[in-house]
Amino acid sequence: MGNQVQVTDQLHDYMVAHGMPLDEIATELVAETQQLGSAAGMLTTADQAALLTTLTRLISARRAVEIGTFTGFSALAISRGLPEDGQLICLDVSDEWTSIGRKYWERAGVADRIDLRIGDAHESAAELDGEFDLAFVDADKPAYIEYFEHLVPRIRPNGLLLFDNTLAGGRVVGVHEEDPVDRKEFNAHIAADDRVDVVMLGIGDGLTLVRKR
């Protein structure tokens, strides 16, 4: 077994700098989101965005769904990985926050690939029809199992589901005052599911890749 590298802030910055760089549009979207204050903590990281674009291209995804769009940074990343006639359905409850992303989707030339649906994500997810190649979930964490069960039947074989924040700041192990019961239950639930293969990545706050068999 090889040595585990400790990813310091300096090393993380190096890794981001030597990966897929953020262009002017993505950089400005991040900057505007950061002006929201504490809410900006929900922003997808730059390395996650690069991975989303790469994975979307890697599996030749044509149809994707995102649950939890916030200001549209992750949607921008996924839509850029889709072909010109691809579709990304975005489910979110906030018209205010997603309105920030719309401007940048237009500037990036991907707005016509994105179908933004504002409303209760639980109801919207249950109403999804057809088959998807990829799903990205970054919404209310207690509902992760519910979203997983809604999405698995709708993902094609060898399609991907990605769930963000599955390490809960490292609180999924050890004893902590704020125990992330929802994430622990979700992680155990999908690890035991024989319909999928699961890989947890220590990127951002934990990103779990789920391949449908």
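Residues numbered from 1 in each chain as written. Predicted model: local features only at pLDDT ≥ 70, side-chain atom pairs only at ≥ 80, totals over all residues. Heavy atoms only, no water.

With an unreviewed UniProt entry as reference, the protein chain is termed Caffeoyl-CoA O-methyltransferase, source organism Kribbella italica.

Caption draft 1: Spotlight on the sheet that holds strand 4 (residues 132-137). Read from one edge to the other, the open sheet built from seven strands follows the order 3-2-1-4-5-7-6, with strand pairing classed as mixed. Of all strands in the sheet, those bounded by a partner on one side alone are strand 3 (114-118) and strand 6 (196-201). Pairs of neighbouring strands in the sheet enclose a mean axial angle of 15°, with direction left out of account. Examined bridge by bridge, strand 5 (residues 155-164) and strand 7 (residues 207-212) share five bridges and lie antiparallel to one another. Bridge pairing in strand 7 places Phe-163 opposite Thr-208. Packing of helix 5 (residues 95-108) onto the sheet brings it into contact with strand 2 (87-92) and strand 3, and relative to strand 3 it is tilted by some 170°. Across the sheet, helix 7 (residues 144-151) is in contact with strand 1 (63-67), strand 4, strand 5, strand 6 and strand 7; its angle to strand 5 comes to roughly 165°. (Pairing = 2+ DSSP bridges. Helix = DSSP H or I, 4+ residues; strand = E, 2+ residues; numbered from the N terminus. Axes fitted to C-alpha atoms, helices over the stretch in contact; angles between N-to-C directions. Contact = heavy atoms within 4.5 Å.)

Caption draft 2: Seen up close, unusual backbone geometry. Positioned with a positive phi, Phe-70 is a non-glycine residue whose angle comes to about 55°. Along the polypeptide, Phe-70 turns up in the loop between strand 1 and helix 4 (73-81). A positive phi angle, close to 70°, is found at Asn-158, a residue other than glycine.

Caption draft 3: Representation of the packing of helix 4 against helix 5 in the model. Packing of helix 4 against helix 5 brings their axes to within 10 Å, and their N-to-C directions diverge by 25°. Between helix 4 and helix 5, the interaxial angle falls into the category roughly parallel. Note that helix 4 runs across helix 5; the crossing there is right-handed. For the pair helix 4 and helix 5, contact is made by Ala-75, Leu-76 and Arg-80 and by Tyr-104, Trp-105 and Ala-108, respectively. (Parallel < 35°, antiparallel > 145°, perpendicular 65-115°, else oblique. Left-handed = near helix turned anticlockwise from the far one by under 90°.)

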